[in-house]
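What follows is each chain in one-letter form.
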Amino acid sequence: MRVMEGEALIPPPIWMMRQAGRYLPEYRKVRQEAGSFLDLCYTPKLATEVTLQPIRRFGFDAAILFSDILVIPDALGIDVRFEEGRGPVLQPVDALAIQKLSSDGALRHLVPVLETVERLRAALPHETTLLGFCGAPWTVATYMIAGHGTPDQGPARQFALNQPDAFQQLIDMLVEASAQYLIAQIKAGADAVQIFDSWASVLDAEQFSRWCAKPVAEIVKQVRSEVPEARIIGFPKGVGAFYRDYAAQTDIDMLGLDWTIPRTFAQQLQKDTPVQGYLDPQRLIAGGAALDQGVDDILEALGAGPLVFNLGHGITPQTPITHVEQMIARVRGKA
Ligand code: CP3
């Protein structure tokens, strides 16, 4: 929270995207008990438990609510499933289905997630930041249009170009539902919230501005109109030079960086906005000198300014736990 105010802390606070996940045996155990992935997200006792697991094991400075960005389409009444080895599968929407969607009642469906936030705030040590989150409208919409993940989000890009009015309707509804959802998470006890835009990188300048930056700016505005002091992290993964436009247009409090931008550019961004991330998750899988060098480079490039240490994207299931321990020790100056 202090970094988001612009403070530089030594060592920087640290957490990891997807820190509760399949690389942890204790997660896999609870996941199996829960039945489906969405059952795990909607069972407050179990969702609280898996959120706390990486805090207990590693002592991270922030806990991120265990849930998924696709609970929003689920709450809108769309059939969402997570299939083993295939990832998310949704009932795809077309222009007609979009017209019939309504965000009324979406929050009621998400009450168990809000209960998880309340339980977490009560269970966590005071000094551990609790992060809520949602997906950015564009990224959530890409899954809703295609019905599953794709390598380049071609289906959603075609839809946005061919049927911009229907797509605008979808985005507007996601803005509304996401803003209400984030406000509810903050009121339930989240200290800050992160907006994940994992597919922001596939759009050209005009489409990026229209479908990424503008809707996120609108969410930020709506959240702050209800909670003026709300702290919001934006993560437009892979957007390169557009990072600057995104930070300026959305007015977020902290920028999540992937690992593909030049160091000097990351430093320039940090002059205006606190930053988080920047470590290639492949370095965490590799371990050894590759990991140490990645950590050292980030501390050297960004450690003197407002920085939250994190990966540039989520940790993957094959990552060895010993590498996570190595990273944390290195960041905290103990290795
Ligand atoms: O970071 C955290 O620990 C919080 C929880 C969280 C999850 N997903 C848990 C999860 C968060 C913040 C997300 C965000 C999310 N979900 C994004 C944006 C961030 C990103 O990673 O790009 C996206 C695109 C999704 C959609 C999604 N959910 C996909 C594509 C998948 C399948 C990929 C996979 O690893 O299987 C999921 C499933 C998912 N969400 C898992 C976890 C821990 C793995 C599910 C399992 O237990 O089998």
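Everything below is about the structure printed above this text.
What comes next is a walk through the structure. (Residues numbered from 1 in each chain as written. Predicted model: local features only at pLDDT ≥ 70, side-chain atom pairs only at ≥ 80, totals over all residues. Heavy atoms only, no water.)

1. Comments concerning the overall build of the chain
Regarding its fold elements, the chain presents 16 helices and nine strands. Taken against the 2.2 N^0.38 rule, which gives 20 Å for 335 residues, the C-alpha radius of gyration of the chain at 19 Å falls within 12% of a compact globule. Based on the C-alpha atoms only, the size of the chain along its principal axes is roughly 55 × 45 × 40 Å. Put simply, the chain has 335 residues, and 59% of those count as buried. For the chain, restricting intrachain contacts to residue pairs at least 6 apart in sequence, the fraction spanning at least 24 positions comes to 72%. As presented, the chain carries roughly 13,800 Å² of accessible surface, and 50% of it is formed by carbon and sulfur atoms. (Helix = DSSP H or I, 4+ residues; strand = E, 2+ residues; numbered from the N terminus. Rg over C-alpha atoms; globule rule 2.2 N^0.38 Å. Buried < 20%, exposed > 50% of the residue type's maximum accessible area, 1.4 Å probe, protein only. Contact = heavy atoms within 4.5 Å. Areas by Shrake-Rupley, 256 points an atom, 1.4 Å probe, with all protein chains shown as cover.)

2. With respect to the packing of helix H9 (residues 154–162) against helix H10 (residues 164–188)
Their axes nearest at 5 Å, the elements H9 and H10 cross at an angle of 115 degrees. Together, Phe159, Ala160, Leu161 and Asn162 of H9 and Pro164, Ala166 and Phe167 of H10 make up the contact between the two elements. Each residue belonging to the contact of H9 with H10 can be placed in one class, and the counts come to six nonpolar, one polar and no charged. (Axes fitted to C-alpha atoms, helices over the stretch in contact; angles between N-to-C directions. Nonpolar A, V, L, I, M, F, W, Y, C, P; charged D, E, K, R; others polar.)

3. Focus on the packing of helix H8 (residues 137–146) against H10
Following both chains from N to C, one finds H8 and H10 inclined at 125 degrees, their axes separated by 10 Å at the closest point. In terms of orientation, H8 lies oblique with respect to H10. Viewed along their axes, H8 and H10 form a crossing whose handedness is right-handed. Residues Pro137, Trp138, Val140, Ala141, Met144 and Ile145 of H8 lie in contact with H10, whose contacting residues are Phe167, Leu170, Ile171, Leu174 and Val175. Split into classes, the residues belonging to the contact of H8 with H10 amount to eleven nonpolar, no polar and no charged. (Parallel < 35°, antiparallel > 145°, perpendicular 65-115°, else oblique. Left-handed = near helix turned anticlockwise from the far one by under 90°.)

4. Notes on the pairing of strand S2 (residues 80–83)
Here S2 pairs with strand S3 (residues 87–90) via four bridges, running antiparallel. Among the inter-strand pairings, valine 80 is bridged to a residue of S3, identified as leucine 90. Here S2 hands over to S3 after three residues, with glycine 85 in that stretch at a positive phi of 75 degrees. (Pairing = 2+ DSSP bridges.)

5. A look at the site of the ligand
In the vicinity of the ligand there are 22 residues, among which Arg18, Arg22, Tyr27, Ser198 and His313 approach most closely. Separating an oxygen atom of the ligand from a side-chain N or O atom of arginine 22 is a distance of 2.4 Å. In this structure, arginine 31 approaches the ligand through a side-chain N or O atom, which is 2.7 Å from an oxygen atom. Relative to its free-state accessible area of 860 Å², the ligand is covered by the protein chains to the extent of 88%. Among the secondary structure elements, those contributing two or more residues to the shell around the ligand are helix H1 (25–34) and S3. (Near = heavy atom within 4 Å. Polar contact = N/O pair within 3.5 Å; in protein donor to acceptor, adjacent residues only side chain to side chain.)

6. Overview of the packing of aromatic side chains
Counted under the stated rule, the structure contains ten aromatic pairs. Consider the rings of phenylalanine 208 and phenylalanine 242, whose centres lie 4.8 Å apart with planes at 15 degrees: the pair is stacked. Of the two residues, phenylalanine 208 is situated in helix H11 (residues 205–226) and phenylalanine 242 in helix H12 (residues 242–250); the sequence distance between them amounts to 34 residues. A residue is classified by how much of its surface remains accessible, and phenylalanine 242, at 24% relative accessible area, is partly exposed. A connected cluster of aromatic rings, assembled from ring pairs, spans Tyr27, Phe37, Phe66 and Phe82. (Phe/Tyr/Trp six-rings, centres within 6.5 Å; stacked < 30°, edge-to-face > 60°.)

7. Comments concerning the pattern of salt bridges
When charged atoms on two side chains of opposite charge get close, those side chains can pair. With the rule as written, the count across this model stands at 20 salt bridges. The residue arginine 57 makes a salt bridge to glutamate 26 at a minimum N-O spacing of 2.8 Å. One end of the pair, arginine 57, is in helix H3 (residues 44–58); the other, glutamate 26, is in helix H1, and 31 residues separate them in sequence. Judged by relative accessible area, arginine 57 falls into the partly exposed class, the value being 35%. Put simply, Glu5, Arg224, Arg231, Asp251 and Asp253 are held in one network by salt bridges that share partners. (Salt bridge = Lys/Arg side-chain N within 4 Å of Asp/Glu carboxyl O.)

8. So, the side chain of glutamine 276
Here glutamine 276 lies in strand S8 (residues 275–277). We classify glutamine 276 as buried; its relative accessible area is 1%. At 3.0 Å, the side chain of glutamine 276 forms a polar contact with the side chain of tryptophan 15. If we ignore the near neighbours within four places in the chain, the residues touching glutamine 276 are Trp15, Gln194, Ile233, Met254, Leu255, Gly256, Leu257, Val308 and Asn310.

9. Observations concerning H8
In terms of burial, H8 is a largely internal element, ten of the ten residues being buried. What H8 keeps buried is the set Pro137, Trp138, Thr139, Val140, Ala141, Thr142, Tyr143, Met144, Ile145 and Ala146. Glycine 147, located one to two residues past H8, shows a positive phi value of around 85 degrees.

10. A closer look at the environment of proline 274
Of note, proline 274 is situated in the loop between helix H13 (263–272) and S8. Judged by its relative accessible area of 10%, proline 274 falls in the buried class. When the C-alpha atoms of proline 274 and aspartate 74 are compared, they prove to be 33 Å apart, with 200 residues separating the residues in sequence. Not counting residues within four places of it along the chain, the set of residues in contact with proline 274 comprises Val3, Met4, Gly6, Asp253, Met254, Leu255 and Pro306.

As far as function goes, none of this settles anything; it's purely spatial.
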